[in-house]
Amino acid sequence: MGEKFYITTAIAYTSRKPHIGNSYEIVLTDAIARYKRLQGYDVFMLTGTDEHGQKIEEYAKAAGVTPKQYVDKVAGEIRGICDLLGTSYDKFIRTTDDYHEKAVQKIFKKLYDQGDIYKGEYEGMYCTPCESFWTESQLVDGKCPDCGREVKPAKEEAYFLRLSKYQKQLEEFIEKNENFIYPEARKKEMLNNFIKPGLQDLCVSRTSFKWGIPVTFDEKHVIYVWIDALSNYITALGYDTENPGELYKKYWPADVHIIGKDIVRFHTIYWPIMLMALGEPLPKQVFGHPWLLFGEDKMSKSRGNVIYADDLVNLLGVDAVRYYLLSEMPYASDGSITYETIIERFNSDLANTIGNLVNRTIAMQNKYFDGVIQPPVATEAVDEELMAFALDTVEKVEELFKTYRVADALEAILNLAKRSNKYIDETMPWALAKDEEKRERLGTVLYNLLEAIRYISILLSPFMPETSEKIFAQMNCDIKDYASLSAFGALQDGVKVGKAEALFQRIDTEKMLSEIAAKQEAAAKAEEEAKPKEEEEKIEEISIDDFFKSDLRVAKILECEKIKKSNKLLKLQLDDGSGKPRQIVSGIAKWYKPEDLIGKKAIIVTNLKPVKLCGEISQGMLLSGEKDGEVAVTFVDLPVGAKIC
């Protein structure tokens, strides 16, 4: 075997079934792992599930099951999606696995015994969704700085990890190892926003819930998420404080942790310090990828914009979903997915460019030579251009994978398919076929096309493994090794190709979109009908103090315009009587034209945390009502700035 390469995903939290945005990471990691295997590396790919914590305990209670029953179900769904998407992980770890729990207890005890963990008391503001404590100064507008949700005061006895002890050592490591945090922007963010201002010791145990790994020497405490979850990268390899396993000795340190940009802090501060304290090597690199959004918005069930991987696979097939996920995500900024764009890319890139190239080349080989591949004995200058393009594509892909520019690598492969289609137009095989004297030239042209397709198929295999195999089957070719791409012309002549079959059937966009809409409507109706009557009528009660936290005021709409990037958003400039300009972005474009709103007075919520929608800041909310899918803004005839109470 070749040089080792250990790659991991973040382990998925077992709160609920993951949407397609969550699935991007496992497909990205799988593509990198497959490419490294193709190059001859001895790859070990790890993924899995994070299964402890207060949130799980609460979800399980609401579902009327035990926490273990709850996580068993969700972990099964997560693993099922990994398998559905054709990912080639070598191990799937669950943090409820017995060996993991025992190893984590030993890690905790070792750190405690050597003084890196100590007992204290935590008093601060706690965010349940993020499972994080915050000081008042760290809050943003009184809310969690990570997720923007409400926090609650909490005070409890806890154990702490001495982050402050290792701050200087970590800072020096990051600055010395310039590629440790990638991309560069994430590195600057960690150093300038978190490390250099000073690290506070980290709470690593809890007493207010029970669903966790018990501290062996103080069983009213459970080990908190960070030591539990982050340790999976070494416990999966058999790490034990007393006797590290053979897999650990072989594969650690990790070559790269592939994680979402929102958890870079945990992987580049908490995790390295844990390893420093244990005396173990640090991972070589942490790559924080961006998010995949639905249109312009982050996916969430409450927004009704969630797309699931299994639904997409049923519509388009596994490889088409993998292709979209890997090609659509920019290197450092968030990607976007909508049903319209995925269908458009399916038709243009897969059906028209790659599928059409393979189909017509195999068809011509069968038509003109009864399928038998001819030797390339009549080469011309245009052939050299195609050969050079193919060899250059291999180099480009190799270079792009070094920095995990996976979307750019896939674009380079697509460009080789486009160049091959252009080569067909340049050489016109159908014209050559009419002249018996040009039979050798025709054979050479088709040979070059089949060889270019072989290059495409090998390079595509990490991204679209099923499609790659289908192409090889149609070509009746088994020369699939990466080394064969070092020189153009490894394809064997005299072999008879198979039957030309369409790899991707073009999609009727309007028909598919209408079918999707009908399914969504039926699902929403079924969900509504399934609700118990009392649930439908139940209104959550709040105190008068909660109500008065909202600052409702009358504002006059001075300007209003559509946002170019969105069909549903309007941008409004308002006078709320404060003397300062206020901008609000509202999703009412379906029901109002901009000119209908200018000059009207409406009620707005002024003390909401500003958010960015479609690149525009929204400083509040326009009060409106909704019934049966129709929305109406609340207009009033009151003085500007009047407080509503």
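The numbers attached to residues start from 1 for each chain and follow its sequence in the written order. With pLDDT at 70 or above as the cut-off, local features in this predicted model cover only qualifying residues; side-chain atom pairs require 80 or more to be listed or tallied, and sums for whole chains, interfaces and linings still use all residues. Derived side-chain values reflect all non-hydrogen atoms in the structure, with water molecules and hydrogen atoms excluded from consideration.

Description of the packing of helix 11 (residues 309-316) against helix 13 (residues 339-369)
Lines fitted to the C-alpha atoms define the axes, with helices restricted to the stretch that makes contact. Angles between their N-to-C directions range from 0 to 180 degrees. Numbered from the N terminus, helices here are DSSP runs of H or I no shorter than four residues, and strands are runs of E no shorter than two. Two elements in contact, helix 11 and helix 13, have axes whose closest approach is 12 Å; the angle formed by their N-to-C orientations is 40 degrees. If you check the angle between helix 11 and helix 13, you find them oblique. Seen from above, helix 11 lies across helix 13 with right-handed handedness. Every residue of helix 13 that contacts helix 11 at Leu312, Leu315 and Leu316 is listed here: Tyr339, Ile342 and Phe346. For this scheme, ten residues count as nonpolar: Ala, Val, Leu, Ile, Met, Phe, Trp, Tyr, Cys and Pro. Four count as charged, namely Asp, Glu, Lys and Arg, and the remainder, Gly too, count as polar. Residue classes in the contact of helix 11 with helix 13 are distributed as six nonpolar, no polar and no charged. Working definition: roughly parallel below 35 degrees, roughly antiparallel above 145 degrees, roughly perpendicular at 65 to 115 degrees, and oblique for all remaining angles. For any helix crossing, the convention is left-handed if the near helix is rotated counterclockwise from the far helix by under a right angle, and right-handed if that rotation is clockwise. Contact definition: two residues touch when any of their heavy atoms are within 4.5 Å.

Some details on the pairing of strand 19 (residues 582-586)
Across the five residues that make up strand 19, a large majority, five, are buried. The cut-offs for exposure are 20% and 50% of the maximum accessible area for each residue type, with area from a 1.4 Å probe on protein chains only; residues under the lower value are buried, those over the upper are exposed, and the others partly exposed. What you see with strand 19 is no split at all: Arg582, Ile584 and Ser586 on one side and Gln583 and Val585 on the other are buried throughout. Only strands joined by at least two bridges in the DSSP assignment are considered to pair. Sheet analysis places strand 18 (residues 570-575) next to strand 19, joined by five bridges and oriented antiparallel. Residue pairing in the sheet places Leu570 in a bridge with Ser586 of strand 19. Counting the residues between successive antiparallel strands, the hairpin from strand 18 to strand 19 contains six residues, one of them, Gly577, with a positive phi of roughly 85 degrees.

So, the nonpolar core
Think of a nonpolar core as a cluster: buried Ala, Val, Leu, Ile, Met, Phe, Trp, Tyr and Cys residues, connected wherever their side-chain atoms sit within 4.5 Å. Core analysis: the largest hydrophobic core is formed by 109 residues, its most contacted members being Ile7, Ile20, Ile32, Leu312 and Phe463. When neighbours within four sequence positions are excluded, Phe463 is seen to be in contact with Ala31, Arg322, Leu326, Phe401, Val406, Ala409, Leu410 and Ile413. Counting residues in hydrophobic clusters, the runner-up holds 66 residues, among them Ala154, Ile195, Tyr224 and Tyr270.

Notes on empty space enclosed by the protein
Summary: where empty space remains is shown by rolling a probe the size of a single water molecule over the atoms. Space inside and on the surface of the protein is sampled on a 1 Å grid over the protein atoms alone, with a cavity defined as a set of points where a 1.4 Å probe fits but cannot get out and a pocket as an open set with protein on both sides within 12 Å along at least 5 of 7 lines; lining residues have an atom within 4 Å of a point. Grid points are joined across faces, edges and corners, and a volume is the space filled by probe spheres set on the points. Summed over all chains, the structure comprises two cavities of 30 Å³ or more. Approximately 60 Å³ is the volume attributed to the largest cavity. In this structure, the largest cavity is lined by Asp50, His52, Gly53, Glu131, Phe209, Trp211, Gly212, Val222, Ile223, Tyr224, Val225 and Asp228. Mapped by element, the contributors of at least two residues to the lining of the largest cavity are strand 12 (222-223) and helix 7 (225-230). Here the lining of the largest cavity is composed, by residue class, of six nonpolar, three polar and three charged. Considering only enclosed or pocket space, the second largest cavity measures out at about 40 Å³ in volume.

Focus on the pattern of salt bridges
Working definition: two side chains of opposite charge can pair if their charged atoms are close together. Take a side-chain nitrogen of Lys or Arg and a carboxyl oxygen of Asp or Glu: if they are within 4 Å of each other, that pair is a salt bridge. For the structure on display, the rule yields 41 salt bridges. One salt bridge connects Arg94 with Glu51, and the closest N-O pair in it is separated by 2.6 Å. One end of the pair, Arg94, is in strand 4 (residues 91-94); the other, Glu51, is in the loop between strand 3 (42-50) and helix 2 (54-63), and 43 residues separate them in sequence. Judged by relative accessible area, Arg94 falls into the buried class, the value being 19%. Note that Lys73 and Glu77 form a salt bridge whose closest N and O atoms lie 3.2 Å from each other. In this pair, Lys73 and Glu77 both sit in helix 3 (residues 67-84), four residues apart, roughly one turn of the helix. Classification of Glu77 as partly exposed rests on a relative accessible area of 28%. Because the salt bridges share partners, they merge into one network encompassing Glu51, Lys68, Asp72 and Arg94.

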